[in-house]
Amino acid sequence: MQMRLPLQVERILDILNANGYEAYAVGGCVRDLLLGREPKDWDITTSARPKQVKSLFPRTVDTGIRHGTITVLMDGKGYEVTTYRIDGEYEDGRHPSRVEYTANLLEDLKRRDFTINAMAYRHDVGVVDAFGGREDLEKKSIRCVGDAIERFTEDALRILRAIRFSAQLGFSVEEKTWEAIGVIAPNLAKVSKERIQVELSKTLLSGHPEQMGGVFEQGVSGYISPAFARIPWGQIRIPASLPARKYVRWAALLRQTDPEEAVRVLKDLKMDNGTVAKVKTLLAWSGKEVQPEPAPVRRAMGSMEAEVWDALLDFNAYGPRIRSLTRQIREKGDCLDLKHLAVNGQDLIDAGMKPGRELGQILNRLLDMVLECPEKNRKEALLEIGKAMGKG
Ligand code: ATP
Ligand code: MG
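Caption draft 1: A look at the overall build of the chain. A tally of regular secondary structure across the chain gives 20 helices and 11 strands. Taking 392 residues into account, the globule formula puts the C-alpha radius of gyration at 21 Å, and the chain, at 28 Å, lies well above it. Here the chain holds 392 residues, and the buried ones make up 48% of them. Here the contacts in the chain between residues at least 6 apart in sequence split such that 63% fall between residues at least 24 apart. When the accessible area of the chain is evaluated, it comes to approximately 19200 Å², of which 48% is carbon and sulfur surface. Each charge class in the chain was averaged separately, 59 positive and 56 negative side chains, and the resulting centres sit 4 Å apart.

Take a look at the structure:
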């Protein structure tokens, strides 16, 4: 069976072949090709050593040279070319302590996590599928290559990868693999929180976020963090129709968790501050009614970034009236915050007012007026009112 590869990938494979090396497209891209999905990136596996790869292509980056990976740059895109390898002992349940190269493609495929990720392809050979990957694609099944207990023991992150792929592909986890998840879950305590967070986020952002349930059902959650384990999963609904934004999906997961505890969950996972801030805003507004009138909608909109307000429309399932008010307010360009008020502190000082706390209060009262009545956002008029407030 012939599959379509990007020209750049064909060129890389051809150049390696022409120089006497084996080379194949491998892993996720082969899986996605077989599924008729557009691969996100293209990985190549080759018998050539990193030094040899570098000598054959003019533009390369030593991305993971210690693990045999060279990025080949072609037409502005990067392609990871990795030497066939066998992973050595895993010391911490995560990093192979040494990398050993091999001349044998099958050995390289054997070190990969799941059968559906352990296939290689090139035009003249076709799909190399030594572990029943195609059959598992047919069965929609995530299954470890080899013994699941051993494979999760080598690298416990694979537990979350199994759940993540099941969520992205809408597959189920094969029985032995599923059982092994429960058995090896404690090893996740040794895995870096950032990597855990990345997998959980990909699961939440997938087409089947409900697969996150596996983390709770198989006793994995307690090894992510104590606060995470307290999330009342049974009460959580993450509709796939919810915007696929990281902070929105995390907020949905944390909807039944009190805000302080929710922040603890996110901090435990080393979540970036921008995401934490947005989750906090959504949770603070979770379930709050907004009166479907212009002024209350303007007030709500003014209290958060435009993007977060848009997310809140879905998060709280606000009705058509609030949505159409949002559109109108934006079309008119109504002032929603101090930044867009027609006067600022300096204007008031120039008009003879003293800097200080009172000035800030006056600005806020002026904003309050303008939120009620956007026509009032005019410099001269606001200056007069501001001065009068200052005297009063
Ligand atoms: P995605 O579409 O998310 O990129 P992918 O299958 O390409 O999915 P990557 O994390 O990019 O996943 O890894 C590329 C390939 O490397 C995988 O398909 C798999 O063969 C192998 N791999 C990655 N991580 C592991 C791991 N922790 N253990 C074993 N094999 C792995
Ligand atoms: Mg990939």
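Next, the rest of the story.
Caption draft 2: Highlighting the packing of helix α14 (residues 273-285) against helix α16 (residues 306-315). At a minimum axis separation of 10 Å, α14 and α16 run at an interaxial angle of 45 degrees. Of the possible angle classes, the one that applies to α14 and α16 is oblique. When the axes of α14 and α16 are compared, the crossing they make is right-handed. Residues Lys278, Thr281, Leu282 and Trp285 of α14 pack against Glu307, Val308, Ala311, Leu312 and Phe315 of α16. When grouped by side-chain class, the residues that make up the contact of α14 with α16 number six nonpolar, one polar and two charged.

Caption draft 3: Representation of the nonpolar core. Core analysis: the biggest nonpolar cluster contains 112 residues, and Leu200, Val215, Phe228, Trp250, Leu253 and Trp309 have the highest contact counts within it. Here Trp309 is in contact with Val290, Val297, Ala300, Met301, Met304, Tyr318, Ile322, Thr326 and Arg330, once residues within four sequence places are set aside. In this structure, Tyr84, Leu105, Leu109 and Ala120 belong to the second largest nonpolar core, which totals seven residues.

Caption draft 4: Up close: the environment of Cys144. Secondary-structure assignment places Cys144 in the loop between β10 (141-142) and α6 (148-154). When near neighbours in sequence (up to four residues on either side) are disregarded, Cys144 contacts Asp113, Phe114, Thr115, Arg151, Phe152 and Thr177.

Caption draft 5: Structural detail: the site of ligand 1. Near ligand 1, the surroundings consist of 16 residues, among which Arg31, Asn117, Asp155, Arg158 and Arg164 are the closest. Backbone polar atom of Asn117 to an oxygen atom of ligand 1: 2.9 Å apart, as the coordinates give it. Here Arg164 contributes a side-chain N or O atom positioned 2.7 Å from an oxygen atom of ligand 1. Broken down by secondary-structure element, the contributors of at least two residues to the shell around ligand 1 are α2 (28-35) and α7 (157-169). Here the shell around ligand 1 gets four residues from one element, more than from any other, and that element is α7. Classifying every residue of the shell around ligand 1 gives one nonpolar, three polar and 12 charged.

Rules used in this analysis
- Residues numbered from 1 in each chain as written.
- Chains lettered and ligands numbered in written order.
- Predicted model: local features only at pLDDT ≥ 70, side-chain atom pairs only at ≥ 80, totals over all residues.
- Heavy atoms only, no water.
- Helix = DSSP H or I, 4+ residues; strand = E, 2+ residues; numbered from the N terminus.
- Rg over C-alpha atoms; globule rule 2.2 N^0.38 Å.
- Buried < 20%, exposed > 50% of the residue type's maximum accessible area, 1.4 Å probe, protein only.
- Contact = heavy atoms within 4.5 Å.
- Areas by Shrake-Rupley, 256 points an atom, 1.4 Å probe, with all protein chains shown as cover.
- Lys, Arg positive; Asp, Glu negative; His and termini not counted.
- Charge placed at Lys NZ, Arg CZ, Asp CG, Glu CD.
- Axes fitted to C-alpha atoms, helices over the stretch in contact; angles between N-to-C directions.
- Parallel < 35°, antiparallel > 145°, perpendicular 65-115°, else oblique.
- Left-handed = near helix turned anticlockwise from the far one by under 90°.
- Nonpolar A, V, L, I, M, F, W, Y, C, P; charged D, E, K, R; others polar.
- Core = buried A, V, L, I, M, F, W, Y, C linked by side-chain atoms within 4.5 Å.
- Near = heavy atom within 4 Å.
- Polar contact = N/O pair within 3.5 Å; in protein donor to acceptor, adjacent residues only side chain to side chain.

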